[in-house]
Every structure is written in C-alpha cells, then in structure tokens.
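Summary of the model geometry
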Amino acid sequence: TKEFYVGVASGGVWKTTNNGTTWKPIFDKYGSYSIGIVEMDPNNSNVIWVGTGENNHQRALGYGDGVYKSLDGGKSFKNMGLKESRQIGGIVIDPRNSNIVFVAAEGSAWGPGEERGLYKTTNGGETWNKVLEISENTGVNNVIIDPCNPDIMYATSEQRRRTSFTKIGGGPESAVYKSTDGGENWRKIMEGLPKVDIGGMGIDVSPVNSNLVYLIMEAAEDNGGFYRSTDKGESWN
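Quick look at the structure, then. Along each chain, residues carry numbers from 1 onward, in the same order as the chain's sequence is written. Local features in this predicted model are restricted to residues whose pLDDT is 70 or higher, and side-chain atom pairs enter the listing and the counts only when it is 80 or higher, whereas totals over whole chains, interfaces and linings include all residues. Side-chain descriptors were evaluated using all non-hydrogen atoms of the structure, hydrogens and water having been removed beforehand.

Glancing now at unusual backbone geometry. Positive phi, close to 65 degrees, is recorded for Asn19, a residue that is not glycine. A positive phi angle, near 65 degrees, is found at Glu114, a position not held by glycine. Put simply, DSSP marks the helices as runs of H or I at least four residues long and the strands as runs of E at least two long, and each gets a number from the N terminus on. Here Glu114 shows up in the loop between strand E9 (101-105) and strand E10 (117-121).

Here, strands pair whenever DSSP counts at least two bridges between them. With antiparallel pairing, the four strands of this open sheet are ordered in space as E8-E9-E10-E11. Each of the sheet's edge strands pairs with one partner strand only, and the pair in question is strand E8 (88-93) and strand E11 (129-132). The average angle at which neighbouring strand axes cross in this sheet is 25 degrees, direction not considered. Sheet topology note: the E9/E10 ladder contains five bridges and is antiparallel. When the sheet's bridge partners are listed, Ala105 is paired in E10 with Gly117. Between N-to-C directions, angles span 0 to 180 degrees; the directions come from axes that are lines fitted to C-alpha atoms, helices contributing only their stretch in contact.

Structurally, Ile152 is set in the loop between strand E12 (138-145) and strand E13 (153-159). Accessible area is worked out with a 1.4 Å probe on protein chains only. A residue is then buried under 20% of its type maximum, exposed over 50%, and partly exposed in between. When its relative accessible area of 9% is taken as the criterion, Ile152 is described as buried. With 31 residues separating them in the primary sequence, Ile152 and Gly183 have C-alpha atoms 7.7 Å apart. Residues are treated as being in contact if the distance between any of their heavy atoms lies within 4.5 Å. Sequence-distant contacts of Ile152, defined by excluding residues within four places in its chain, comprise Ile145, Asp146, Lys178, Ser179, Thr180 and Lys232.

With that out of the way, let us pick up the sheet that holds strand E16 (residues 175-179). Taken in spatial order, the four strands line up as E12-E13-E16-E17 in an open sheet, and their pairing is antiparallel. Strands at the two margins of the open sheet, each flanked by one partner only, are E12 and strand E17 (187-188). Here E12 pairs with E13 via seven bridges, running antiparallel. Bridge assignment links Val143 to a residue of E13, and that residue is Ala155.

In structure tokens form, the structure reads like this:
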C-alpha cells in the first residue's frame, strides 16, 4: 500500500515507495512527456501500463506516442504500439487474464485519421485489434469494466477538433457504449440522455452496487451535467 504511481499531463510518470513522502521520475527517457493514464496489473504489481497523451479537453494539450508496458515495477518500459493514437484516455486490464488489455485511443485533436477507437490485445500488447470504431474524426476517451462481471464494459466516444482559431468540443458522434461479451461487440446506450451534441464525458461504475453507473458530460444547450443509471446503463436520469 506504500507503493503507487502518478501520471502527469505534462510531466511524465512518478513512483513513490514510501506513501508519497518522496517521488522518483521513472519515464524521463521515453518518447513522451505527456501522460493520459497509468494502470497497474491487478494480478502482478510489477506490470505497469502507461498510455501517453493527456486525457484532457482544453485548447492546448500535449500528445503522446502510444502505449508502454513495464515488467519490472517501472524500472524500464517498452513501447507496445498504437504510436499514432496521440491521446490515450483509458486502459483496462482483464482481472481474469493479464494478457487481455483494452486501450481507449482518442486520436489527434488537430485532424482526422490516425489510430483512434477502442483497441484490444489478447497477447499482452504484441498485437492490437480495434473492437470499437466510430469514424476518422471520433475516438474513444474512456473505457471501464464492471467490477462484479468483467464481461460487462462501458466506453465513451468523443468527437472534437482543435484548430488554430477555435476548439470544437463536441458533436453527434459522441456517445456511450456498452459491451456484454468482454469487449468484442458494442452498442450505444443513450436512453434518457439529451438528444443534442455531446462533448467530453467521464464514466464509472459503483464498486458497492454495479447496477449503478455514473456519467458526467458536457452537452449543448445547457444539457450537460451529472447522470445516473440504476440498470447498468440501459437508462439514464
């Protein structure tokens, strides 16, 4: 419990072994200074996954060069691909099988294309398969897993674009998705959510009652706010 990691939007990855009293930078010699997510393997605390490129929505943001993996508690990292994903918003490791990992790739804020969507590996990051693709303009910025049933997963897409003179912070391709087969197939779950353009979202499942799913969102026409589902995302209030 004294050992943990922090990823900084504009300052690499840091590790403490004394409950935060002192910190050591452990990512300075790798390809990105901007970090979106750090996840520890629930089955092996020496296995650390890092998604580069900050998961933020402001006008100025740093970008990354893919997903990294450490097998030795952060002493060394190896780039495991998705180098054109630019921003990685989330990483989920299957608690039943450490070789199964999901990466939510937002893609470049400045243009279309690149590696964007939800990616899955079944071999510890050696190869990746895109299991949720929206369009060349819209990536996936969150992925979470039901703590009681890992076959149930949720993801959110975000349509956004940054230009030299403005930021477009939402669109019709932003949506909430659910999978019930371990991330192989996905469908939209939008019942009760506003029928307007949606921007950035945050989502989580209650660790006490996995029927409860919480969603915070930006949305047009003052429809943004805090939503709750009591039926695993099938409807929202």
